[in-house]
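Single-letter residue listing:
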Amino acid sequence: MNTRNRKILEDMQEGYYEIDLSGSFTYVNDIVSRIAELNKEKLIGLNFTEYTTKSTSHHIFKTFNNVFKTGIPQRIEYEIILMNGDKKVVENSVSLLKDASGKVIGFCGLVTNITKRKRLEEQLRENRERYEALFENANEFIITTDANGYVKRLNRKVGEESGYTRKELIGQSILLIAHP
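Everything numeric in this text was worked out from a predicted model, so none of it was measured.

Draft legend 1. Here's a closer look at helix 5 (residues 115-137). Taking 1.5 Å of rise per residue, the 23 residues of helix 5 would be expected to cover 33 Å, and the 33 Å separating its terminal C-alpha atoms lies within 8% of that figure. Turning to helix 5, its buried residues are Thr115, Phe135 and Glu136. For helix 5, the secondary structure elements touched by its buried residues are strand 4 (87-98), strand 5 (104-113), strand 7 (151-154), helix 6 (156-162) and helix 7 (166-169).

Encoded structure:
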């Protein structure tokens, strides 16, 4: 690779890597080094099985093998284990790496640390579950309607007290259960 292309790879904001067919790093840019919290010299030669669990390694192998067989790039998310035992979640795009004659010599791709995003997604999921539990188990009637007053959603208490099932009420006018 020429000097100009290496400069581009070093200056980009995404992690760029190249690995050989056995799954060992042959090149990483500074971002990959930062994600792995290892200097480049320690990363070069490191095999993917050395920073993941056995089941994750199997999943990674299957993805890379599929890229090898089909030539179609793929994206994969998985957890890596840092040398200090901490874990990070990365998103990895995988493409074939070919030499000048077109022979496949390995894989290359972009890697991004998505640990914070995954934590936020988990927090959102937990908050949604808490909200749903509060909504469903409230001791008061909770009904949401559209702008025209047709029932979109209701909690369990509405059904218990009104005698109507959810199926009977959803889509009906709120006036169906309103006191005259």
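Draft legend 2. View of the sheet that holds strand 5. With respect to topology, 5 strands assemble into an open sheet ordered 2-1-5-4-3, the strand pairing being antiparallel. The strands lining the two open edges of the sheet, one partner per strand, are strand 2 (25-28) and strand 3 (74-81). Shown here is a sheet whose adjacent strand axes are inclined to one another by a mean of 30 degrees, direction ignored. Where strand 1 (residues 15-20) lies against strand 5, 6 bridges are found, and the strand directions are antiparallel. From the neighbouring strand, Gly15 faces strand 5, where its bridge partner is Val111. Lying over the sheet, helix 4 (residues 54-70) contacts strand 1, strand 3, strand 4 and strand 5, oriented at roughly 155 degrees with respect to strand 3.

Draft legend 3. Expanded view of the side chain of Thr63. Looking at the secondary structure, you find Thr63 in helix 4. Dropping the residues within four chain positions of it, Thr63 is found in contact with Gln74 and Ile76.

Draft legend 4. Spotlight on the nonpolar core. If you look at the biggest cluster of nonpolar residues, it comprises 26 residues, and the most contacted ones within it are Tyr17, Phe25 and Leu43. Going through the elements one at a time, strand 1, strand 2, helix 2 (30-36), helix 4, strand 3, strand 4 and strand 5 are the ones with two or more residues in this core. It is helix 2 that provides the largest number of residues to this core, a total of 4 residues. Those residues in contact with Leu43 that sit more than four places away from it in its chain are Phe25, Val28, Val32, Ser33, Ala36 and Leu38.

Draft legend 5. Summary view of the environment of Phe64. Position of Phe64 among the secondary structure elements: in helix 4. Separated by 43 residues in the primary sequence, Phe64 and Phe107 place their C-alpha atoms 7.9 Å from one another.

Draft legend 6. Expanded view of the environment of Leu43. Along the chain, Leu43 falls in helix 3 (residues 40-43). Given the relative accessible area of 2%, Leu43 is considered buried. Separated by 105 residues in the primary sequence, Leu43 and Asn148 place their C-alpha atoms 61 Å from one another.

Draft legend 7. The pattern of salt bridges, seen in detail. Across all of its chains, the model carries 14 salt bridges by this definition. As a salt-bridge pair, Lys40 and Asp30 come within 3.1 Å of each other at their nearest N and O atoms. With Lys40 in helix 3 and Asp30 in helix 2, this pair connects stretches of sequence that are 10 residues apart. A relative accessible area of 22% means that Lys40 is categorised as partly exposed. With relative accessibility at 36%, the residue Asp30 sits in the partly exposed group.

Draft legend 8. Summary view of helix 4. Its 17 residues give helix 4 an end-to-end C-alpha distance of 24 Å, which sits within 8% of 24 Å, the value for a rise of 1.5 Å per residue. Residues Thr56, Ser57, Ile60, Thr63, Phe64 and Val67 constitute the buried set of helix 4. For helix 4, the angular spread of the buried residues around the axis is 130 degrees, confining them to a single face. Across from the buried face of helix 4, at angles greater than 90 degrees, the exposed residues are Lys54, Ser55, His58, Lys62 and Lys69.

Calculation rules
Residues numbered from 1 in each chain as written. Predicted model: local features only at pLDDT ≥ 70, side-chain atom pairs only at ≥ 80, totals over all residues. Heavy atoms only, no water. Helix = DSSP H or I, 4+ residues; strand = E, 2+ residues; numbered from the N terminus. Expected span 1.5 Å × (residues − 1). Buried < 20%, exposed > 50% of the residue type's maximum accessible area, 1.4 Å probe, protein only. Contact = heavy atoms within 4.5 Å. Pairing = 2+ DSSP bridges. Axes fitted to C-alpha atoms, helices over the stretch in contact; angles between N-to-C directions. Core = buried A, V, L, I, M, F, W, Y, C linked by side-chain atoms within 4.5 Å. Salt bridge = Lys/Arg side-chain N within 4 Å of Asp/Glu carboxyl O. Arc of directions from axis to C-beta.

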